[in-house]
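Tertiary structure, described
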Amino acid sequence: MSEARLMQGNEACAEGAVAAGVRFFGGYPITPSTEIAEYMAVNLPKVGGTFIQMEDEIAGIGVVLGASLAGKKALTATSGPGFSLKQELIGYAAIAEIPVVIVNVQRMGPSTGQPTSPAQADIMQARWGTHGDHPMIALSPWTVRESFDVAIKAVNYAERFRTPVIILLDEVVGHMRERVELPQAHEIEIYPRRVPDKTKAQGYKPYTPMEDLVPNPADFGTGYRIHCTGLVHDETGFPSGSPSITEQTIERLHEKIARVQEEITHYDEFFMDDAEIAVVAFGGTARTAYAAVEAARSAGRKVGMIRIMTIWPFADSVMRNLAKRVKGILVPEMNYGQYVYEVERAAAGQAKVVSLPKYNSEVFTPDEIGQAIEELAAEVAE
Amino acid sequence: MKDYESLFRTNRLPHIWCPGCGHGIAMKALAKAIAKLDLDQDKTVIVSGIGCSSRASGYMDFDTLHTAHGRALPFATGIKLANPELNVIVITGDGDCMAIGGNHFIHAARRNIDLTVLLFNNNIYGMTGGQASPLTPVDKKATTAPYGTFDRPFNPCEVAKTAGATYIARGTAFHAAPLVDLIAQGIQNKGFSFVETLVQCPTSYGRRNKMGSAAAMLKDMSETVIPLAAYNKLSPEERNGKLPGGVLHTDIFPEYAAEYAKIITRAGGDKA
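Since this is a predicted model, take the numbers as computed values, not measurements.

Now for the overall build of chain A. Helix and strand counts for chain A come out as 14 helices and 15 strands. In terms of C-alpha radius of gyration, chain A reaches 21 Å, essentially the compact-globule figure of 21 Å for 382 residues. For chain A, the C-alpha atoms occupy an extent of roughly 70 × 45 × 40 Å along the three principal directions. Among the 382 residues that make up chain A, the fraction classed as buried is 60%. Of the contacts made within chain A by residues no fewer than 6 positions apart, 76% connect residues no fewer than 24 positions apart. When the accessible area of chain A is evaluated, it comes to approximately 14,100 Å², of which 50% is carbon and sulfur surface.

If you want it as structure tokens, here you go:
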């Protein structure tokens, strides 16, 4: 561990990305994510990397996709309006299998909304924001230190699975400052850029899936002369109109993530041993929820908490099992109710699932969550 | 001089373009320019957007990238900055470059990043069946302008000049031989180079506007585009309906990727 520092969530996220090998940032200024761009502008050239401020949000993701294809680990950062604008090229990254990390420091919407009050209302957009079918990995940290760790995970997953990965920060965690001790470089595990498994003479095809269902398209400029397109393509990388190739492509894109779902589902359990009620929360809201759960425990209430880091893919088995362990599940989130519907689906009637939405531009207070815990406890006791 | 045919992925041919289309002529001129300059085939990247012209990238034997509609320039910018030793050439169309990609176009020119942008201008959205583009002249018919266009088209070379491009040229599919040199000079310019090439679209543009066969459209081009020196001698009235061709503008300005390399050195990152 290094010396303790006072750091902001956005700063820790940017520093984690650089520690994971990110050497290219492109983006457009938008509150509350701008500190990430500012950090990159100062620090990327120090390590031989490149920062560029683009003309708009779409260019911000286009430029990082180009850099990634040319061999650089790449990241862009934005907030709600910019996240909406970036969706088409997030889909491009999914089908062309280009490693990229998109940070969305969530703020209140829709549209310009209530700038720049906190929200967690892009949960479903992170999963379903683009047109077409593809899986998504989205991670949401709840502390400044974890913003560093999540950035490393996101970069590693993007490279390993050659897929876009979204970091769902919220304004609370992004702008909060905490004392952190960061790991030293040698303590950090980095997934390297994948390289071709064969030479051209050996019959290399850039989009042949390996055993993990992920292909190894060569970086531009390395002599392989590959073709990359957003059209459905076969193993050669060239467009194919075949229904069977189309079906196989969509299936493989999903399956390469589905088969590692358990491995990449990260969460914490607190006070769950004898819990009859569980609070499920993530990001900034999880911090308030923790305080509420701790207070309820002190008062003798059998309540526990699941803190979710991996928002997508959804933690199906975690929630399915949780519903068998407790009588009631409370889902506080800074939106009109989004994640709760997935919890309800997984619970399948095994436990009572209650939504606690908040959408007035303010963060939860521990009392609000505490009161909802009491109400749910009374309800399931009947 | 290298055989330009070896620069094509012949197994991807024949191309998808309609009979009489001018895109093949423009693509061949690019291949000949690359052959003439003897660019390293493994260090040259061709980037395109979406549309008829943008299908050209798939036929050429380099690292090639067929991006989303309008977005070729941001991708190309990322490639060039991530690996400045690569030659990055962009193929785009009038809708791709001047409508949906217009913002990227002016900003890439402003940065003077070392990209060579070839606009295959057929004055129409061809892939989608003949809708008006920002380069469709006034009083022409399109499926979305059934009574004739009345909004002013851009002059893309003038836009490029105002935005800061350091090499600007205009060629045509008729003047195929000089087009090779116009493109080659653009590739050699260390900065943002823009070559507008007028190409005929007999199927989705010419037919609707009674412009005759592909050959007739090419003949029109031969009369419309005249050398810059000759154009400059014309009176304003005589210039009506004419366009200057050849190299229209050059300038000297620091190139973006080279300037960023200096930033890296200043920050100490050249030793990282």
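Attention now moves to the interface of chain A and chain B. The partner chain B presents 40 residues to the 41 residues of chain A that form the contact. Carbon and sulfur atoms supply 58% of the area that chain A and chain B bury against each other, a total of about 3,200 Å² over both sides. Three residues, A:E55, A:F220 and A:R225, lead the burial of chain A against chain B; their summed loss comes to 22% of the area buried on that side. Applying the counting rule to chain A against chain B returns three salt bridges. Of the charged contacts, one joins B:R111 and A:E55 as a salt bridge, the two residues approaching to 2.6 Å between their closest N and O atoms. Only β3 (50–53), α3 (57–69), α5 (87–96) and β9 (227–229) of chain A provide two or more residues apiece to the side of chain A that touches chain B. Its residues placed into classes, the side of chain A that touches chain B shows 22 nonpolar, twelve polar and seven charged.

What follows deals with the pairing of strand β7 (residues 167–172) of chain B. Residues and elements named next belong to chain B. Most of β7 is tucked away, with six of its six residues classed as buried. Burial of β7 is two-sided: the residues Y167, A169 and G171 facing one way and the residues I168, R170 and T172 facing the other way are all buried. Note that β7 and strand β8 (residues 193–198) share six bridges and pair parallel. Counted as the bridge partner of Y167 is S193 from β8. In this view, the connection linking β7 to its parallel neighbour β8 by way of helix α7 (residues 176–188) has right-handed handedness. With four bridges joining them, β7 and strand β10 (residues 243–250) adopt antiparallel strand pairing. Residue Y167 lies in a different strand from β10, and its bridge partner there is T250.

With that out of the way, let us pick up the state of the cysteines. Residues and elements named next belong to chain B. Under the counting rule described, the total for this entry stands at zero disulfides over all chains. With no disulfide partner, C52 has as its closest neighbouring cysteine sulfur the one in C21, 6.4 Å distant. Left unpaired, C157 is separated from the closest cysteine sulfur, that of C97, by 10 Å.

About the thresholds
Residues numbered from 1 in each chain as written. Chains lettered and ligands numbered in written order. Predicted model: local features only at pLDDT ≥ 70, side-chain atom pairs only at ≥ 80, totals over all residues. Heavy atoms only, no water. Helix = DSSP H or I, 4+ residues; strand = E, 2+ residues; numbered from the N terminus. Rg over C-alpha atoms; globule rule 2.2 N^0.38 Å. Buried < 20%, exposed > 50% of the residue type's maximum accessible area, 1.4 Å probe, protein only. Contact = heavy atoms within 4.5 Å. Areas by Shrake-Rupley, 256 points an atom, 1.4 Å probe, with all protein chains shown as cover. Buried area = accessible area lost by both parts, 1.4 Å probe. Salt bridge = Lys/Arg side-chain N within 4 Å of Asp/Glu carboxyl O. Nonpolar A, V, L, I, M, F, W, Y, C, P; charged D, E, K, R; others polar. Pairing = 2+ DSSP bridges. Right-handed = clockwise from strand over helix to strand, strands pointing away. Disulfide = S-S within 2.5 Å.

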